[in-house]
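Tertiary structure, described
As a plain string of letters, each chain reads:
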Amino acid sequence: MGPAGPEYAVPFVVGSTGSAWHIGVPGDARIVRGVPVKPLVKAAAILFVAALGMGGLVSCSSTATSSGHARRRPVYGGTLRVISNAGPGSLDPVPTYNYAGYELERGYARQLVTYPTTSPATAPGGAWARATTLVPDIAAQVPTAANGGVTGNGLVYTYHLRSGVEWNSSPPRQVTAADFIREFQAFCNPGQFPVGNSAYFTSAIAGFAGYCAAESRHFTAKGAPPVTAAAVAAWQNSHQISGLSAPSALTLRVTLTQPAGDFNNIMALPFVSARPAEYDAYLPGSAGLNQHVLSDGPYQVASYTPGKQIVLSRNPVWRQSTDPVRHQYVTKVVVTLGTSSDQTVLADLQAGGQDLFLADLGIPSQAIAGLQAAHDQRLRIWPSSNLSPYIILNLRSPNAGGAMGKLAVRQAIEYGVDKAAIVKVSGGPAVAKITTGAIPPGSAGYQPSTRYATPGSQGSPAKCKALLASAGYSRGLTLGYLYPNDSGDTTIFQSIQGSLSACGITLKGMPEPSGGAYFTDLGNTPQTGKPGTWDMATGSWFPDWFGNNGRTLIQPLFGSACTLGTVNAGCYHSAAVGTLIGQALKTGSAPAAAALWRQAGARAMNDAAIVPLISGQITQYASSRVHSATAGTANFSTLLQGWDFTNIWLNPPTP
């Protein structure tokens, strides 16, 4: 995703710095660690690595249990040294829509409900299910119908906050339900940094869309006041979102527009952090706020020097008894900004000068095989569930007689692409898993598919040619292919170009810089229906959560919206798929919703809406002194798509 407007969600795209991005606001991006990836501003060939066996463990303190297994004993103290490129951009949870930011927020910004840090080996699987199952955070329990937290026929969610969770303000004070309402009220602020993805909330919470529209009208009307922190805070504090209320200081009640079985997942997004009253003095995401961040977690922001360093230290008012998911093992975290070379990252980690890297960096893909051959236990490759990359098909393009609007042509492409070759150029089967359907393994509704299957996943030129002939292109056709012009994406394009040429499809490359221009053109729907536009393009998409996640996978990719900046960049439309999406969104049962998502995904693939290629895995590398309870090295959080430093310790705990 490139620099899209705040109201837009743009798909991840493969790039070249070893990290994947998902941008929701200008200059921001969600970054996924890979070998190599770069989605939206989160760009390089996304070469993710497939799951490794856990192998032996790096030595650390342990004690024998009655079952004979080793139990690692935490060590307290030390400075965790982290290397980063640009860092999260903002320390404010409202606009932060990138994994680099999520990794740091884990220490100072808590949510009502969240996910545990469990390091699964595969997706799906038992450990994957546990890692993607919500647990209480500031809320004392995850609301369900069984415990009385979900009432009103699934329309009312009640969250009871824990007593004793405090801000590190002066003096410290209790985090309240009003602090969460304040966060929601800041989502649609008229400044430069609204929430990364407002649609999750405006479509689900009663009165939210109206509140955002009213705020926009107020600050854009003739004679409107200037957008200042004071003006914005005054408007927000004098207006209410009807679906949000605080019956008591420690009770938050949320009323929905319709039942939503995934609403607790929405509430677990890092956007939904408590917001202290002190933030009214700053515009969301502003430089001023970055210098005055408060904390309700185990760590606090000690200093932030943009472009140079972020330092987190222990929060003295945090208490373990009020936090069931985080710890305070290390004394301090020092993030050094300004490194862009993946080679430098690996060298620094191996030498012990740094301990970990933020998600805006990675390790060189060409180093993976050597690290595996050496059985280097500091390397871990964790499962994910994504379409990264996949091929977007522009159904509105008038090129070649409107070829992309013809089902037989799209199906010819499905059969013609050599997916095994994509795996090879992406680093091999240890780096990428072939994806055959619209829903990758580990996401709601996944089911192995044989649709468009070919021997060895190497493509079928014969089927491709036959389908082209049936569509009136017996002599072949020429199509334009848009892709980021970094080395990784270029290699992937060339592989696709080569396999399709075997059946008579000539791809004319349309390379663009990996930054904003690429993503602007990808989602520029006013232009994608005009002659000379692109016909096919490289895309990449990571769901915002796993488990019951059709809302963040099927809906954005195949919903009928074809507006500027849409994730559905090919402008696919199906009334039947739209009906299934609508039914799934209001289904309270996760299994029932999964069945509907499965049907929607199958229909989209019958229509050849996209060409899925691979699902990438997440690679990590850490220094030898990094340990965690679930691995001999750094842990893995499905929420963060990376490590959780609040569950990491150092041995030795060097200052």
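Structure: above.
One structure accompanies this document, and this report is about it. (Residues numbered from 1 in each chain as written. Predicted model: local features only at pLDDT ≥ 70, side-chain atom pairs only at ≥ 80, totals over all residues. Heavy atoms only, no water.)

Bringing the pairing of strand E23 (residues 505-512) into the picture now. With 8 bridges connecting them, strand E22 (residues 477-484) and E23 associate as parallel partners. Bridge pairing in E23 places Leu477 opposite Ile505. With helix H15 (residues 487-501) bridging E22 and the parallel E23, this β-α-β connection has right-handed handedness. (Pairing = 2+ DSSP bridges. Helix = DSSP H or I, 4+ residues; strand = E, 2+ residues; numbered from the N terminus. Right-handed = clockwise from strand over helix to strand, strands pointing away.)

Take the packing of aromatic side chains next. By the definition in use, this model includes 24 aromatic pairs. Between Tyr481 and Phe493, the aromatic rings sit 5.2 Å apart at their centres with planes inclined by 40 degrees, giving tilted as the arrangement. A residue pair is termed long-range when its members are at least 10 positions apart, and Tyr481 in strand E22 and Phe493 in helix H15 qualify at 12 residues. The two residues Tyr481 and Phe493 agree in class, both being buried. Here a set of aromatic residues connected by ring pairs shows up, and it is made of Tyr97, Phe184, Phe187, Phe201, Phe208, Tyr211, Trp235 and Phe271. (Phe/Tyr/Trp six-rings, centres within 6.5 Å; stacked < 30°, edge-to-face > 60°. Buried < 20%, exposed > 50% of the residue type's maximum accessible area, 1.4 Å probe, protein only.)

Most often, soluble globular proteins have nonpolar side chains that are buried together. One finds Leu80, Tyr159, Phe184, Phe201, Val254, Phe263 and Met267 to be the most contacted residues of the largest nonpolar core, which totals 83 residues. Here this core gets 5 residues from one element, more than from any other, and that element is helix H1 (residues 99-108). Excluding anything up to four places from it in sequence, Phe201 contacts Phe184, Phe187, Phe208, Ile266, Leu269, Phe271 and Val272. Grouped together as the second largest cluster of nonpolar side chains are 69 residues, Val417, Ile422, Ile492 and Met605 included. (Core = buried A, V, L, I, M, F, W, Y, C linked by side-chain atoms within 4.5 Å. Contact = heavy atoms within 4.5 Å.)

Turning our eyes to something else, we now look at the side chain of Asp137. The topology assignment puts Asp137 in the loop between strand E8 (135-136) and strand E9 (150-151). If we skip the residues at most four places from it in the chain, Asp137 touches Arg110, Gln111, Leu112, Val113, Thr114, Arg162, Thr322, Asp323, Pro324, Val325 and Arg326.

Our focus in this paragraph is the sheet that holds E9. The antiparallel open sheet is built from 4 strands, whose spatial order is E9-E10-E14-E13. At either end of the open sheet lies a strand with only one pairing partner, and these are E9 and strand E13 (244-248). Inspection of the sheet shows E9 paired to strand E10 (residues 156-160) by 2 bridges, in the antiparallel sense. Paired with Val150 across the bridge in E10 is Tyr157. On the sheet, helix H3 (residues 177-185) packs against E13 and strand E14 (251-255) and is oriented at approximately 170 degrees with respect to E13. (Axes fitted to C-alpha atoms, helices over the stretch in contact; angles between N-to-C directions.)

The next thing to look at is the pattern of salt bridges. Enumeration according to the criterion identifies 14 salt bridges in this entry. For Arg625, the salt bridge goes to Asp355, with nearest N and O atoms at 2.8 Å. Linking Arg625 in the loop between strand E27 (618-621) and strand E28 (626-628) with Asp355 in the loop between helix H9 (342-351) and strand E18 (356-357), this pair joins segments that are 270 residues apart in sequence. Across the pair, exposure class does not vary: Arg625 and Asp355 are buried alike. If you follow the salt bridges from partner to partner, you end up with Arg110, Asp137, Asp323 and Arg326 in one network. (Salt bridge = Lys/Arg side-chain N within 4 Å of Asp/Glu carboxyl O.)

Put simply, helix H12 (residues 407-416) and helix H14 (residues 461-470) touch, their axes get as near as 8 Å, and they point 170 degrees apart. As summarised for this structure, H12 and H14 are arranged roughly antiparallel, according to the angle between their axes. Note on element contacts: H14 touches H12 through Lys463, Cys464, Leu467, Leu468 and Ser470, opposite Ala408, Val409, Gln411, Ala412, Tyr415 and Gly416. (Parallel < 35°, antiparallel > 145°, perpendicular 65-115°, else oblique.)

Cysteine pairs can be covalently joined through their sulfur atoms, and such a bond is termed a disulfide. Evaluation of the coordinates by the stated rule reveals 3 disulfides. Here Cys188 pairs with Cys212 through a disulfide, and the sulfurs are 2.0 Å apart. As the torsion about the S-S bond is roughly 65 degrees, the Cys188-Cys212 disulfide counts as right-handed. One end of the pair, Cys188, is in the loop between H3 and helix H4 (199-202); the other, Cys212, is in helix H5 (residues 208-220), and 24 residues separate them in sequence. Each sulfur in the disulfide pair Cys562 and Cys571 lies 1.8 Å from the other. Linking Cys562 and Cys571, the disulfide has an S-S dihedral of approximately 60 degrees and is accordingly described as right-handed. For Cys562, a relative accessible area of 29% translates into the label partly exposed. Across the chain, the disulfide pattern expressed with sequentially numbered bonded cysteines is 1-2, 3-4, 5-6. (Disulfide = S-S within 2.5 Å.)

Residue Pro124 is reached from Ala123 by a cis peptide bond, and omega for that bond is -5 degrees. In this structure, the amide linkage connecting Ser388 to the following residue, Pro389, adopts the cis form with an omega of 5 degrees. With respect to the secondary-structure elements, Pro389 resides in strand E20 (residues 387-393). The backbone phi angle of Asn153 is positive, close to 55 degrees, even though this residue is not glycine. When you line up the elements, Asn153 lands in the loop between E9 and E10. Here the phi dihedral of Ser457 falls at roughly 55 degrees; this positive angle occurs in a residue that is not glycine.

This brings us to the environment of Phe357. Structurally, Phe357 is set in strand E18. Residues Phe357 and Thr336, 21 residues apart in the sequence, show an inter-C-alpha distance of 9.4 Å.

With 13 residues, H5 ought to run about 18 Å at 1.5 Å a step, and its terminal C-alpha atoms sit 18 Å apart, in line with that. The inward-facing, buried residues of H5 contact H3, H4 and helix H6 (229-237). (Expected span 1.5 Å × (residues − 1).)

The next thing to look at is the packing of helix H18 (residues 575-585) against helix H19 (residues 590-606). Running from N to C, H18 and H19 cross one another at 165 degrees; their axes reach a closest spacing of 9 Å. The orientation of H18 relative to H19 falls into the category roughly antiparallel. Remark: the crossing between H18 and H19 carries left-handed chirality. Where H18 approaches H19, its residues Ala576, Val577, Leu580, Ile581, Gln583, Ala584 and Leu585 are matched on the opposing element by Ala593, Leu596, Trp597, Gln599, Ala600, Arg603 and Ala604. The residue inventory of the contact of H18 with H19, partitioned by class, reads 11 nonpolar, 2 polar and 1 charged. (Left-handed = near helix turned anticlockwise from the far one by under 90°. Nonpolar A, V, L, I, M, F, W, Y, C, P; charged D, E, K, R; others polar.)

Restricting attention to buried positions, one finds in H6 the residues Ala229, Val232, Ala233, Trp235 and Gln236. End-on view of H6: buried residues confined to an arc of 165 degrees, all on one side of the axis. Where H6 is buried, its residues touch H3 and H5. (Arc of directions from axis to C-beta.)

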